[in-house]
Amino acid sequence: APDLVISLEDASLDVRLAAAWALGRLGDWPAAASIVQALAHHSRLATLRVTNIIVDMGAAAIPVVEGLLGSKSRDVRLLALNVLNALETESASRLAVPYLSDPETDIRVAACQALSSLHGATALEPLRRALSDPAWPVRARAALMIGRLRLSAAASALTPCLEDAAWWVRYNSGQALTRLGAAGKQTLEAALSSPDRFAREMAAQWLDEMSAGTS
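With respect to the packing of aromatic side chains
- Counted under the stated rule, the structure contains four aromatic pairs.
- Arranged with centres 4.8 Å apart and planes meeting at 25°, the rings of Trp167 and Tyr171 form a pair that is stacked. In this pair, Trp167 and Tyr171 are both assigned in helix 11 (residues 167-178), four residues apart and thus about one turn of the helix distant.
- Each ring, one from Trp168 and one from Tyr171, has its centre 5.6 Å from the other, and the planes form 80°; the classification is edge-to-face. Note that Trp168 and Tyr171 are positioned in helix 11 at a spacing of three residues, about one turn of the helix.

Thoughts on the pattern of salt bridges
- Across all of its chains, the model carries eight salt bridges by this definition.
- In this structure, Asp102 and Arg77 form a salt bridge, with 3.0 Å as the shortest nitrogen-oxygen distance. In this pair, Asp102 sits in the loop between helix 7 (90-94) and helix 8 (105-113) while Arg77 sits in helix 6 (residues 74-87), placing the two residues 25 residues apart along the sequence. Like Asp102, the residue Arg77 is buried in the burial classification.
- In this structure, Glu201 engages Arg197 in a salt bridge whose closest nitrogen and oxygen atoms are separated by 3.1 Å. Here the residue Glu201 and the residue Arg197 both occupy positions in helix 13 (residues 197-212), the gap between them amounting to four residues, near one helical turn.
- On the basis of relative accessible area, Glu201 is assigned to the partly exposed category, the value being 42%.
- Within the structure, one salt-bridge network assembled from shared partners comprises Arg74, Asp75 and Asp106.

Calculation rules
Residues numbered from 1 in each chain as written. Predicted model: local features only at pLDDT ≥ 70, side-chain atom pairs only at ≥ 80, totals over all residues. Heavy atoms only, no water. Phe/Tyr/Trp six-rings, centres within 6.5 Å; stacked < 30°, edge-to-face > 60°. Helix = DSSP H or I, 4+ residues; strand = E, 2+ residues; numbered from the N terminus. Salt bridge = Lys/Arg side-chain N within 4 Å of Asp/Glu carboxyl O. Buried < 20%, exposed > 50% of the residue type's maximum accessible area, 1.4 Å probe, protein only.

By themselves these figures say nothing about function.
Printed below as a string of structure tokens:
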């Protein structure tokens, strides 16, 4: 393992990837921090490989990933959040909540996504706050996650999102409401009387989808 950690600094990306894979097979979870720091700044393929390696290490790697969340490097924080999401445990998802306030937009988007293993009120309040984020990609992802987690208590919070200036926010909000049962349908029906044309059109579109059974 010590020799493999040294190889994470090799000039060749292929060598670094092979060393990371070998460390993962060894289950050397303390090396997870070195793996992330060595490969977080490279290609999407490299970051996906790193994510898979650490996920295979299991819950034992969570404390190391938690430490990486405090990195000054945007790329390291982003990869750490992606790993938390891939771990698919409530304890991992809870670690993402503070990063909904990160100064970087893509970090806040990733934090929303990483809440995917939370349930009920634990996920509701953070995602409800994210619906008011100044960056539209964060608002759009928060709306998407509310739908995926079927947080019906957030239906009313999605009403103003149907009037959002960003099309993706309106679209994801409408789609989310179709997944929130009666509360979501009632919110869409109420939006048909909205003074905002965008809200009316989006509500009509998703109600049609619900009627056709395609949403």
